[in-house]
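# What the coordinates show
Single-letter residue listing:
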Amino acid sequence: MAKSQQTFSKSEKEKKRLKKREDKRKKMEARKLNRDENGSEGIPIAYVDHNGNLTDTPPDPTMKVKVKAENIVLGIPTKEESDEEPFDPIRNGKVSFYDNSKGFGFIIDIETNEKHFTHVSGIIDEIAENDKVTFELEKGQRGMNAVRVKQAE
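Conventions adopted
One numbering rule holds for all chains: residues counted from 1, following each sequence as written. Whole-chain, interface and lining totals are the exception, using all residues; otherwise, since this is a predicted model, local features are given only for residues with pLDDT of at least 70 and side-chain atom pairs are given and counted only at 80 or more. Hydrogens are left out, water is left out, and the side-chain values use all remaining heavy atoms of the structure. Numbered from the N terminus, helices here are DSSP runs of H or I no shorter than four residues, and strands are runs of E no shorter than two. Computation of the radius of gyration draws on C-alpha atoms alone. For the globule rule, the value is 2.2 Å times the number of residues to the power 0.38. Under the scheme applied here, a residue whose accessible area is under 20% of the maximum for its type counts as buried, over 50% as exposed, and between as partly exposed, the area being computed with a 1.4 Å probe on protein chains only. The contact definition used throughout considers only heavy atoms, calling two residues in contact when any of these lie within 4.5 Å. Only the protein chains shown count as covering a residue, and every accessible area follows the Shrake-Rupley method with a 1.4 Å probe. Positive residues here are Lys and Arg, negative ones are Asp and Glu, while His and the chain termini are left out of the count. Working definition for charges: the position is that of NZ of Lys, CZ of Arg, CG of Asp or CD of Glu. We define a salt bridge as a side-chain nitrogen of Lys or Arg found within 4 Å of a carboxyl oxygen belonging to Asp or Glu.

A few words on the overall build of the protein chain. The number of helices and strands found in the protein chain is 1 helix and 7 strands. Across the protein chain, helices and strands are ordered from the amino to the carboxyl terminus as α-β-β-β-β-β-β-β. In terms of overall size, the protein chain is more extended than a compact globule, its C-alpha atoms giving a radius of gyration of 36 Å where 153 residues would be expected to give roughly 15 Å. Over its C-alpha atoms, taken along the principal directions, the protein chain stretches across nearly 85 × 80 × 25 Å. In the protein chain, buried positions account for 16% of the 153 residues. Restricting the contact set of the protein chain to residue pairs at least 6 apart, pairs at least 24 apart contribute 39%. Carbon and sulfur atoms form 53% of the exposed surface of the protein chain, whose accessible area is close to 14000 Å². Once the 29 positive and 29 negative side-chain charges of the protein chain are each reduced to a mean point, those two points are 18 Å apart.

Here it is, written out as structure tokens:
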């Protein structure tokens, strides 16, 4: 006598699938009856007023703003001389840690309180912990590095 291929879990899954299909059909019929009773055609129309808010009334045509196609600028607007801020690449900071034997350390920027790594190859003057220094930032492997480090006057 051959063993049945239908296992308990297969029959349970089949029952769940049939129940889900029946529930879906019942919901669809209930929506259809509700629509027939209320006479609703579905989603009501929504309008956008001149401020960009959704409303159920059409917008006032007198509030409409005419825009000429020639006035629309596509792309990035050109920079003007007055828009640019003067950028000073030289920053001020304080040495929070420096190891002479290994040749690296960290400098805290006074303005932003960010820590920046520095290596002996980017140091001009001799520095020690708690020295006030000036430096420039340069992109490194793991973030911004302090380079051209000098003692502050």
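Additional details are given in the paragraphs that follow.
What follows deals with the environment of Ile110. For Ile110, the location among the structural elements is in the loop between strand 4 (104–109) and strand 5 (115–119). Overall, the relative accessible area of 45% leaves Ile110 in the partly exposed class. Separated by 22 residues in the primary sequence, Ile110 and Lys132 have C-alpha atoms spaced 9.5 Å apart. Not counting residues within four places of it along the chain, the set of residues in contact with Ile110 comprises Asn92 and Gly93.

In this structure the tally under the stated criterion is 9 salt bridges. Glu12 is paired through a salt bridge with Lys15; the nearest N and O atoms lie 3.9 Å apart. Of this pair, Glu12 and Lys15 both sit in helix 1 (residues 8–38), 3 residues apart, roughly one helical turn. Using a relative accessible area of 29% as the deciding quantity, one classes Glu12 as partly exposed. For Lys15, a relative accessible area of 54% puts it in the exposed group. A salt bridge links Arg25 to Glu29; the shortest N-O distance between them is 2.5 Å. Separated by 4 residues within a single helix, Arg25 and Glu29 lie in helix 1, roughly one turn from each other. Residue classification places Arg25 among the partly exposed residues on the basis of a relative accessible area of 36%. Using a relative accessible area of 40% as the deciding quantity, one classes Glu29 as partly exposed.

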